[in-house]
Number of protein chains: 2
Amino acid sequence: MKTIFSPDHELHRSPGELILGEFSEAFEKPERAQLILDRVEDVKLGPVLPPEAFSLEQITRIHTPGMVDCLKTAHAEWLASDRSGAAYPYTWPARGMRTDRVPREIDGKLGFYSFDCGTPITATSWQAIKSSADVALTGAKLINEGESAVFSLCRPPGHHASTSQFGGYCFLNNAAIATQKLLDDGAKRIAILDVDYHHGNGTQDIFYNRDDVLFISLHGDPDQEFPYMLGFADEFGLGKGEGYNLNFPLPWGTTWDKWSAALDVGLKRIIKFSPDIVVVSLGVDTYKKDPISQFKLEHEHFSAMGEKVKTLGKPTLFVMEGGYAVAEIGINAVNVLTGFEGR
Amino acid sequence: MKTIFSPDHELHRSPGELILGEFSEAFEKPERAQLILDRVEDVKLGPVLPPEAFSLEQITRIHTPGMVDCLKTAHAEWLASDRSGAAYPYTWPARGMRTDRVPREIDGKLGFYSFDCGTPITATSWQAIKSSADVALTGAKLINEGESAVFSLCRPPGHHASTSQFGGYCFLNNAAIATQKLLDDGAKRIAILDVDYHHGNGTQDIFYNRDDVLFISLHGDPDQEFPYMLGFADEFGLGKGEGYNLNFPLPWGTTWDKWSAALDVGLKRIIKFSPDIVVVSLGVDTYKKDPISQFKLEHEHFSAMGEKVKTLGKPTLFVMEGGYAVAEIGINAVNVLTGFEGR
Ligand SMILES: [Zn+2]
Ligand SMILES: [Zn+2]
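Calculation notes
Residues numbered from 1 in each chain as written. Chains lettered and ligands numbered in written order. Predicted model: local features only at pLDDT ≥ 70, side-chain atom pairs only at ≥ 80, totals over all residues. Heavy atoms only, no water. UniProt positions renumbered as here; feature names shortened; annotations may be inferred. Helix = DSSP H or I, 4+ residues; strand = E, 2+ residues; numbered from the N terminus. Rg over C-alpha atoms; globule rule 2.2 N^0.38 Å. Buried < 20%, exposed > 50% of the residue type's maximum accessible area, 1.4 Å probe, protein only. Contact = heavy atoms within 4.5 Å. Buried area = accessible area lost by both parts, 1.4 Å probe. Polar contact = N/O pair within 3.5 Å; in protein donor to acceptor, adjacent residues only side chain to side chain. Donors = N, O, S within 2.8 Å, 3.2 Å for Na, K, Ca; no water. Pairing = 2+ DSSP bridges. Right-handed = clockwise from strand over helix to strand, strands pointing away. Least-squares fit on C-alpha atoms with pLDDT ≥ 70 in both. Axes fitted to C-alpha atoms, helices over the stretch in contact; angles between N-to-C directions. Left-handed = near helix turned anticlockwise from the far one by under 90°. pLDDT = per-residue confidence, 0-100. Phe/Tyr/Trp six-rings, centres within 6.5 Å; stacked < 30°, edge-to-face > 60°. Lys NZ or Arg CZ within 6 Å of the ring centre and 35° of its normal. Parallel < 35°, antiparallel > 145°, perpendicular 65-115°, else oblique. Nonpolar A, V, L, I, M, F, W, Y, C, P; charged D, E, K, R; others polar.

- An unreviewed UniProt entry annotates chain A as Acetylpolyamine aminohydrolase of Acidocella aminolytica 101 = DSM 11237.
- Quoted verbatim from the Sequence similarities (unreviewed entry) field of the UniProt record, the comment on chain A reads "Belongs to the histone deacetylase family."
- What UniProt records for chain A under Cofactor (unreviewed entry) is the sentence "Zn(2+)".

Details of the overall build of chain A
Right, so step 1: Across its full length, chain A holds ten helices and ten strands.
Right, so step 2: Taken against the 2.2 N^0.38 rule, which gives 20 Å for 343 residues, the C-alpha radius of gyration of chain A at 18 Å falls within 12% of a compact globule.
Right, so step 3: Its C-alpha atoms put chain A at 55 × 45 × 40 Å along the principal axes.
Right, so step 4: Across the 343 residues in chain A, those meeting the buried criterion constitute 64%.

Here we look at the interface of chain B and chain A
Right, so step 1: Each partner contributes residues to the interface: chain B has 49 residues there, and chain A has 49 residues.
Right, so step 2: Between chain B and chain A, the buried area comes to about 4,800 Å², and carbon and sulfur atoms account for 59% of it.
Right, so step 3: The largest per-residue losses of area from chain B upon contact with chain A belong to B:Y90, B:R95 and B:M229, which jointly make up 19% of the total buried on that side.
Right, so step 4: At the junction of chain B with chain A, the criterion picks out 26 residue pairs in polar contact (both at pLDDT 80 or more).

Remarks on the coordination of the zinc ion (ligand 2)
Residue and element names in this part refer to chain B.
Right, so step 1: Protein-derived coordination of the zinc ion (ligand 2) comes from D196 (OD), H198 (ND1) and D285 (OD), at a distance range of 2.0 to 2.1 Å.
Right, so step 2: Counting residues between consecutive donors of the zinc ion (ligand 2) along the chain gives the motif D-x1-H-x86-D. Of this pair, D196 sits in the loop between β6 (190–194) and α7 (201–207) while D285 sits in the loop between β9 (277–282) and α9 (299–310), and the two are 89 residues apart along the sequence. Assigned by exposure class, D196 and D285 land together as buried.

Brief notes about the pairing of strand β6 (residues 190–194) of chain A
All names here are of chain A.
Right, so step 1: Taking burial as the measure, the five residues of β6 include five buried ones, the bulk of the element.
Right, so step 2: Covered by surrounding structure in β6 are I190, I192 and D194 together with A191 and L193, the residues of both alternating faces.
Right, so step 3: Pairing geometry for β6 and strand β7 (residues 213–220), over five bridges, is parallel. Bridge pairing links A191 to L214 in β7.
Right, so step 4: The handedness of the β6 to β7 crossover, carried by helix α7 (residues 201–207), is right-handed.
Right, so step 5: In this sheet, strand β9 (residues 277–282) lies alongside β6 in parallel orientation, the contact comprising five bridges. If you follow L193 over to β9, its bridge partner there is V280.

Here we look at the relation of the copies chain B and chain A
Right, so step 1: Superposition record for chain B on chain A: RMSD 0.0 Å, screw rotation 180°, translation along axis 0.0 Å. Such a combination of turn and shift is consistent with a two-fold rotation axis.
Right, so step 2: Of the residues that chain B buries at the interface, 100% are likewise interface residues in chain A, meaning the two copies contact each other through the same surface.

Section: the sheet that holds strand β10 (residues 316–320) of chain B
Right, so step 1: On the basis of which strands lie adjacent, the open sheet formed by eight strands has the order β4-β1-β5-β10-β9-β6-β7-β8 (chain B) and parallel pairing. Looking at strand neighbours, the two that pair on one side only are β4 (48–49) and β8 (245–250) of chain B, the edges of this open sheet.

Observations regarding the coordination of the zinc ion (ligand 1)
Right, so step 1: The protein atoms that coordinate the zinc ion (ligand 1) are A:D196 (OD), A:H198 (ND1) and A:D285 (OD), at distances spanning 2.0 to 2.2 Å.
Right, so step 2: Each donor residue of the zinc ion (ligand 1) lies on one chain, and together they are spaced D-x1-H-x86-D.

Description of the environment of B:R61
Residues and elements named next belong to chain B.
Right, so step 1: Relative to the elements of secondary structure, R61 occurs in the loop between α2 (56–59) and α3 (65–80).
Right, so step 2: Distance from R61 to Q180, taken between C-alpha atoms, is 7.2 Å for residues 119 residues apart in sequence.
Right, so step 3: Contact partners of R61, with chain neighbours within four places excluded, come to Q180 and D184.
Right, so step 4: A polar contact is formed between the side chain of R61 and the side chain of D184, at a distance of 2.8 Å.

So, the UniProt feature "domain: Histone deacetylase" (unreviewed entry) in chain A
Right, so step 1: Listed under "domain: Histone deacetylase" (unreviewed entry) in the UniProt record, and renumbered for this structure, are residues 28–334 of chain A.
Right, so step 2: Taken end to end, residues 28–334 of chain A has its terminal C-alpha atoms 18 Å apart, with 37% of it in helix and 12% in strand.

Observations regarding the packing of helix α5 (residues 125–144) of chain A against helix α6 (residues 174–184) of chain A
Residues and elements named next belong to chain A.
Right, so step 1: Close contact between α5 and α6 brings their axes to 8 Å; oriented N to C, the two are set at 35°. For the pair α5 and α6, the crossing hand works out as right-handed. Note on element contacts: α6 touches α5 through N174, I177, A178, K181 and L182, opposite S132, A133, A136, L137, A140, K141, I143 and N144.

Looking at the confidence of the model for chain A
Right, so step 1: Overall, the prediction assigns chain A a mean pLDDT of 97, with 100% of residues at 70 or greater.
Right, so step 2: This prediction of the complex comes with two scores: 0.96 for pTM and 0.94 for ipTM.

Points about the packing of aromatic side chains
Right, so step 1: Summed over all chains, the structure comprises 28 aromatic pairs over all chains.
Right, so step 2: Note on B:F166 and B:F171: the rings are 5.7 Å apart at their centroids and 25° apart in plane angle, and the pair reads as stacked.
Right, so step 3: Over the face of the ring belonging to B:F112 we find A:R95, whose NZ or CZ atom lies 4.1 Å from the ring centre.
Right, so step 4: One cation-aromatic arrangement involves A:R189 over A:F273; the distance from NZ or CZ to the ring centre is 6.0 Å.

Quick word on the sheet that holds strand β1 (residues 2–4) of chain A
Right, so step 1: Read across the open sheet, the eight strands follow the order β4-β1-β5-β10-β9-β6-β7-β8 (chain A); overall the sheet is parallel. Each having just a single partner strand, β4 (48–49) and β8 (245–250) of chain A make up the two edges of the open sheet.

A short note on the packing of helix α1 (residues 31–42) of chain A against helix α10 (residues 329–340) of chain A
For any two helices packed against each other, the geometry is given by the interaxial angle and the distance between the axes.
Residues and elements named next belong to chain A.
Right, so step 1: Contact pair α1 / α10: the axes reach a minimum separation of 8 Å and the direction vectors enclose 55°. With respect to their mutual orientation, α1 and α10 come out oblique. Helix-helix and strand crossings are classified by hand; for α1 and α10 the assignment is right-handed. Facing R32, L35, I36, R39 and V40 of α1, the residues of α10 in contact are I329, G330, I331, A333, V334 and N335.
Right, so step 2: Looking at the contact of α1 with α10, its residues break down into seven nonpolar, two polar and two charged.

Structure (structure tokens):
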């Protein structure tokens, strides 16, 4: 299987995040992608290719131009208003506040286009963000050209980013952008299977009213886990999209038995949907040693996960999402891919 | 004029806030209230009285029981989930997320009931928060008993807190709670005049559908200033409340001439409304040296402000809000009161 990777991801490094009551090192860091790449090379998964550069129009098929513009220009505006360091939002449009106008000033704009305080924008973040979307788009292009499976080693991740909001370490929704490109290039139906520990709230939001994309997500119960305000079992889609969204919120401590049983139900739904292509939002923070997650998957379960996805028999684009047990992130992510390949 | 004050305010001290790209000392700190009290005593404004303790029912006339409960129990839940330090929210219910259910877990709950990341809850915050509301309620009670003017030296401040969300250094909306008590005790109409540099988004939100409370706010244009997503000139109230909300967003650099001209228009509207009582949300961050604000008022303008409010000829409750030029906060706040008293 080919891997798409760009060293540009290193251009995004969070100075830290305010969680657990203190400002501390961010869990989402460049070492993650490097260790996955190392593992890809160690197991000789296949060629590692750089991304092509796609136009911004391919990105604004999913995200609003205003949000994309904010990601591009936020840090320059931040500096222009006498700040230094990374641009952090600090206030958000709450219930009862207006969402019909975009604030002119940088702090307002950052809050308007985001939903948490752990996703800062540095001077060089945009290049990493754009490149991560290109990594996903290049994977989509290869699938379209006939590859049966491709690994888009995206960083920063994407599944928390919605149409017009970044957050949860995510800026652009790489999986959604790749999915839209596959549809634009001729696919009729795509299933997105999100196996990250966290609900793919952004992806759900983006496709919630559509029947050409089936979104299936297995994740920590939002009653207990980020993003808290989306990802419940009763969210089935709206309008034309009703019936094309399926969430499996699972409790802390979920083991492979329970997790894979839910996956089996999800896979059945995908088979019934009969997609042309499957896009996997591949997060490996379901691993038992993940520092911010509470599921209990072990190394071999990631291989088994890949085997199960393979049974769908569809062209499959793997898009890297989360995973914060950094030392073992390469083993877990690549196990899914080698499991898929049956080796 | 009597001042209501409680030393309990010291029980709330923010460990810091993530603004301007780094985690730094909070602008809202206990010294603020102490320096105002010192000035009250220096100028012999009048007796300084402790607050009475009111029931929580008086608070839930304004705020949802769920939000009040969160403020009370958040820090204990924070500790119970293996955290230390102050409880900070880190993610918020964004556009497209659900607001029909309250997350069970503490991080989700904190985000659900707040709108920024600079309003942390410490182990002892609740006692300060409750006491600040009591300071306002005691002021209301004295007005009701016939005092022509009372100064409720509240801290933490309140005007950013809405029905179900805290933020902007505010937890309970002291001015709104006092206003409701005055109405409960027989007043028919109350005008709230918010002279803080920032829009009183919480107060506006609370009374937006009501015609028994006229809300007038002069503040930095939300296009440029916190809270960014509310406080524009086209917000007039809704339903029965239409015509009972009046905002004067003013640009950076606004001087007394422009500011007082807007005040004069606001005062005319108050006269037309013919309130039984006037509640002043007294922020003095309009001062030219305020570190986070951009208006240009000088010491003597605060005296002139008090004189103008006096011309309404109504019983007046002053409720302390913001002001971060700490060294001079006592002079500015008390100048309004002595100006009102004509001395
Ligand atoms: Zn995740
Ligand atoms: Zn203020």
